[in-house]
Amino acid sequence: MQHLNQLYALSKRNIIVRYKHSLIGFFWGFFKPLLYLLIFIVIFSSQFSSISNQVLYITSGILFWFFFSNCTSQGAQSIVQSAGLIKSIYIPTIFFPLAEVIGELFNILLALMVYFIIMNWFGMIYSLTLFWVIPILFLFALFSFSITLILSALNVFYRDIGILWNTIQPALFYLTPIAYTESLIPQKFSFVIKANPIYYFIKLFRYPLYESKVPDFFLFGKCILITIVSCSVAIFLFNKMKNQFITAI
Amino acid sequence: MNKTLMAYQHVSVKYRHNHAGVYSIKDLLTSFSRPFQYKTILDNITFTLAKGESLGILGRNGSGKSTLLRTMASIVKPYKGQVVCNGSIAPILALGVGLEMELTGYENIDLLLALYNQPRDKKSVQSIIDFSGLDDITLKQAVKCYSSGMLARLSFSISFANNCDIYIIDEVLAVGDLGFQSQCIQKINDLKAEGKSIIFVSHFPDEVERICEKAILLEGGKIIYDGSAAEVCAQYRKLF
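1. Some details on the overall build of chain B
Link 1 in the chain: Check the secondary structure of chain B and you find 9 helices and 8 strands.
Link 2 in the chain: Per-residue burial for chain B yields a buried fraction of 39% across its 240 residues.
Link 3 in the chain: Within chain B, counting contacts between residues at least 6 apart in sequence, those at least 24 apart form 71% of the total.

2. Considerations on the overall build of chain A
Link 1 in the chain: Looking only at helices and strands, chain A features 12 helices and 0 strands.
Link 2 in the chain: When the elements of chain A are put in sequence order from the N terminus, they spell out α-α-α-α-α-α-α-α-α-α-α-α.
Link 3 in the chain: Scaling as 2.2 N^0.38, a compact globule of 249 residues should have a C-alpha radius of gyration of about 18 Å, and chain A matches this with 19 Å.
Link 4 in the chain: With respect to the three principal axes, the spread of C-alpha positions in chain A is 55 × 45 × 35 Å.
Link 5 in the chain: Split into buried and exposed, the 249 residues of chain A put 41% on the buried side.

3. Quick look at the pairing of strand β8 (residues 222–228) of chain B
In summary, the side chains of a regular strand alternate between the two faces of the sheet.
Residues and elements named next belong to chain B.
Link 1 in the chain: In terms of strand pairing, strand β7 (residues 214–219) meets β8 through 6 bridges, oriented antiparallel. Looking at the pairing, Ala-215 lines up with Gly-227 of β8.
Link 2 in the chain: Hairpin connection from β7 to β8: 2 residues lie between these consecutive antiparallel strands, with Gly-220 at a positive phi of about 55°.

4. Overview of the interface of chain B and chain A
Link 1 in the chain: Each partner contributes to the interface: chain B provides 25 residues, whereas chain A provides 22 residues.
Link 2 in the chain: For the side of chain B that touches chain A, the secondary-structure elements that each account for two or more residues are β1 (4–18) and α3 (105–115) of chain B.
Link 3 in the chain: Considering every element that reaches the side of chain B that touches chain A, the biggest residue donor is α3(B), with 4 residues.
Link 4 in the chain: Class assignment of the residues belonging to the side of chain B that touches chain A gives a composition of 15 nonpolar, 5 polar and 5 charged.

5. Description of the confidence of the model for chain B
Link 1 in the chain: The pLDDT averaged across chain B works out to 83; a share of 89% of its residues lies at or above 70.
Link 2 in the chain: Confidence metrics for the complex model read pTM 0.86 and ipTM 0.79.

6. A word on the packing of helix α3 (residues 54–76) of chain A against helix α6 (residues 95–119) of chain A
All names here are of chain A.
Link 1 in the chain: Between α3 and α6, the least distance of the axes is 9 Å, while the angle of their chain directions is 160°. It follows from the interaxial angle that α3 and α6 lie roughly antiparallel. In this structure, α3 crosses over α6, and the sense of that crossing is right-handed. Seen from α3, the contacting residues are Leu-56, Thr-59, Leu-63, Phe-67, Asn-70, Cys-71, Gln-74 and Gly-75; seen from α6, they are Pro-97, Glu-100, Val-101, Glu-104, Ile-108, Ala-111, Leu-112, Tyr-115 and Met-119.
Link 2 in the chain: Residue composition of the contact of α3 with α6, by class: 11 nonpolar, 4 polar and 2 charged.

7. Digging into helix α8 (residues 160–174) of chain A
Residue and element names in this part refer to chain A.
Link 1 in the chain: When the terminal C-alpha atoms of α8 are compared, their 22 Å separation across 15 residues agrees well with the 21 Å that a helix rising 1.5 Å per residue should span.
Link 2 in the chain: The largest bend in α8 is about 35°, located at Ile-168, with the proline Pro-170 one to four residues further on.
Link 3 in the chain: Inspection of α8 places Ile-161, Gly-162 and Trp-165 among the buried residues, and these make up the whole buried set.
Link 4 in the chain: The secondary structure elements touched by the buried residues of α8 are α3 and α7 (133–157).

8. Here's the deal with the sheet that holds strand β6 (residues 197–201) of chain B
Picture the strands of a sheet paired through backbone hydrogen bonds; they go either parallel or antiparallel.
Residue and element names in this part refer to chain B.
Link 1 in the chain: Sheet architecture is open: 5 strands sit in the order β5-β6-β3-β7-β8, paired in mixed fashion. Taken across any chain shown, the strands that pair with only one partner, and hence form the sheet edges, are β5 (166–170) and β8. Across the sheet, the mean angle from the axis of one strand to that of its neighbour is 15°, orientation sign disregarded.
Link 2 in the chain: In this fold helix α9 (residues 229–239) packs onto β3 (54–59), β7 and β8, with an angle of close to 25° to the strand it touches most, β7.

9. Describing α3(B)
Link 1 in the chain: Burial runs high along α3(B): 8 of the 11 residues are buried.
Link 2 in the chain: Buried within α3(B) we find Gly105(B), Glu107(B), Asn108(B), Ile109(B), Leu111(B), Leu112(B), Leu113(B) and Leu115(B).
Link 3 in the chain: Taken together, the buried residues of α3(B) touch α1 (2–19) of chain A together with α4 (122–132), α5 (136–139) and α6 (148–160) of chain B.
Link 4 in the chain: After α3(B) finishes, the residue Asn117(B) shows a positive phi value of roughly 60°.

10. Re the environment of Ser144(A)
Residues and elements named next belong to chain A.
Link 1 in the chain: For Ser-144, the position within the fold is in helix α7.
Link 2 in the chain: Along the backbone, Ser-144 and Ile-58 are 86 residues apart, and their C-alpha atoms lie at a distance of 20 Å.
Link 3 in the chain: Contacts of Ser-144, omitting those with residues within four sequence positions, involve Phe-67, Phe-68, Cys-71, Thr-72 and Val-101.

11. Points about unusual backbone geometry
Residues and elements named next belong to chain B.
Link 1 in the chain: Its identity is not glycine, yet His-10 carries a phi of approximately 50°, on the positive side.
Link 2 in the chain: Mapped onto the fold, His-10 is located in strand β1.
Link 3 in the chain: A positive phi angle is found at Asn-117, which is not glycine, with a value near 60°.
Link 4 in the chain: Along the chain, Asn-117 falls in the loop between α3 and α4.
Link 5 in the chain: For Asn-117, a count of 16 C-beta atoms within 10 Å translates into the label partly exposed.

12. With respect to the packing of α7(A) against helix α11 (residues 217–241) of chain A
Residues and elements named next belong to chain A.
Link 1 in the chain: Running from N to C, α7 and α11 cross one another at 25°; their axes reach a closest spacing of 8 Å. Taken together, the axis directions place α7 and α11 in an arrangement best described as roughly parallel. Along this stretch, α7 crosses α11, giving a crossing that reads as left-handed. Contacts between α7 and α11 involve Leu-139, Leu-142, Phe-143, Ser-146, Ile-147, Leu-149, Ile-150 and Ala-153 on the former and, on the latter, Cys-223, Ile-224, Ile-226, Thr-227, Ser-230, Cys-231, Ala-234, Leu-237, Phe-238 and Met-241.
Link 2 in the chain: By residue class, the composition of the contact of α7 with α11 is 15 nonpolar, 3 polar and no charged.

Rules used in this analysis
Residues numbered from 1 in each chain as written. Chains lettered and ligands numbered in written order. Predicted model: local features only at pLDDT ≥ 70, side-chain atom pairs only at ≥ 80, totals over all residues. Helix = DSSP H or I, 4+ residues; strand = E, 2+ residues; numbered from the N terminus. Buried ≥ 20, exposed ≤ 12 C-beta atoms within 10 Å, placed from the backbone. Contact = placed C-beta atoms within 7 Å. Rg over C-alpha atoms; globule rule 2.2 N^0.38 Å. Pairing = 2+ DSSP bridges. Nonpolar A, V, L, I, M, F, W, Y, C, P; charged D, E, K, R; others polar. pLDDT = per-residue confidence, 0-100. Axes fitted to C-alpha atoms, helices over the stretch in contact; angles between N-to-C directions. Parallel < 35°, antiparallel > 145°, perpendicular 65-115°, else oblique. Left-handed = near helix turned anticlockwise from the far one by under 90°. Expected span 1.5 Å × (residues − 1). Bend = angle between axes of the 7 residues up to and from the residue.

Structure, rendered in C-alpha cells:
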C-alpha cells in the first residue's frame, strides 16, 4: 500500500514536470502524432492510395507508436535522472521506469479520447468492439514497460544505450507498417517486418480501431506470448543489475 | 529502556568499480583489463546503538561515511555481515535530496512526503512550512530558483517531518545560516528529549561532542576509533 503511494507520487511528478512551463501542456501529446499524420497524408497519399480510409489507418498505428517511443526514450533515462532520490530514500528502483509508463499511459488515454471524437468524422464506427482497445493497450503497455526496464537498467552502466536507442528508433518506426500496408513490402523482405514485435501489436490495435472487428485470437495469443517473454527477460535482467545501480549513478 | 536499536556485525560493503572508467561502449572495447573490479568501501564495521543513544560519525572525505549511512537506510546492501535494526529509520538528511527542481516548494513537499510514506494532511504540511521559515511567495516558486541555503531549509524541514526512531543527519549544519543552524540543533535536542536516536555525520567535532554520546572514527572504510564522543573527537582532531 505504501509502495502504491510512492508509485502514484512518482507518476504524478512525471506528468507535472513534463508539461510544466509549457503553454499548451498535454496538447503536445497529440500534436506530434498529428504532425506525422499530416506529413504522411501530404507526401504519401498518391503512393498509398490502395489504403482505404488512410487517415484512420495511419492514426490507429501512429498513436500507439508514439506511446511506445515516449515510454522507452524517457524511461531509459528514468533511473539515471533520479540518482538523487535513489541515493537517499529506499524506493524500489523498478518504480522509476514503471512511473514513466504510467505517466505515458495517462497521456495516451487523454489523446485517445480526443481522437475517438475526431476519428468519427473520418469514418470510425462506434461500437462495443472499440473496448477491445483497453486490454490490447494494457498488453502493449506491459510490453513497452519491459523494453523500458531493460533500457533504463543498461543505461545506468552505459550511457550510450539511451543515445543508441534514440538513434535506432526512426528505423524501427519505418520498419513498422504504420503509414503503409504490409502488402507494400516485397515477399522476400517480409521477415524483417515480422521480426519486429511492435508490428504484431499495431496489427492487433487495428482490428477494433480500423476494421471494427473483434481481434483475431491467434494474433492476440501471439501478443500475450511476446509480452510474457519480454517481461520475464526484462525482470530477470533488471534484478541481476539493480544492486549495482548505486555504484554507477 | 536500554534496548539495542541497531547493531552492525562485521559489515563489509564492496562497490563494483569501473577500473578503466568504463562508462561507454568505446571505453569498454578499449579497456584491456577486466572492466569490473571490486573496491572495498566498508570493511568489517561493528557497532551497536541503544535506544535513545546518539552516535557521531567522523572521518575524512571519502572514508565511507555516506556509504555507511546508506547501508542503514538499506539503500546499499552489505556484501558480508549483518545489519540488525529494530526501529524505523528516517530518510537520510542530506543536501538537496530528492527535490525536483522544476516543481514549486509546495509541490516538492507533497511529492517527498508521499515518497517518505508520511501523512500529507494540512497540519503536517504547515509544520514543515513553519520549520523551514520560507514564505508563501518563495514556496510558490520553482525550487530551481532557490539559493543553496533555501534548498537546505526546505529539504531538512521535510525530512524532519518523519516520525521515526532513528534520524540520520548528514552534514546539516554546513549550509544554513546561523538562525537555521540553531533551529536544527534545537530540533535535534527536542528529538533526543523524546528518546529518539540520532546518527550524526559532521566535520565539526564540537557539534558532535555537543549532540552525541558515542562516536566512531572512520578511516579507509574501517573503524579506527570507537568510544565516547569526546575521545573520538580528540582523535579526529589529531588526524589533521
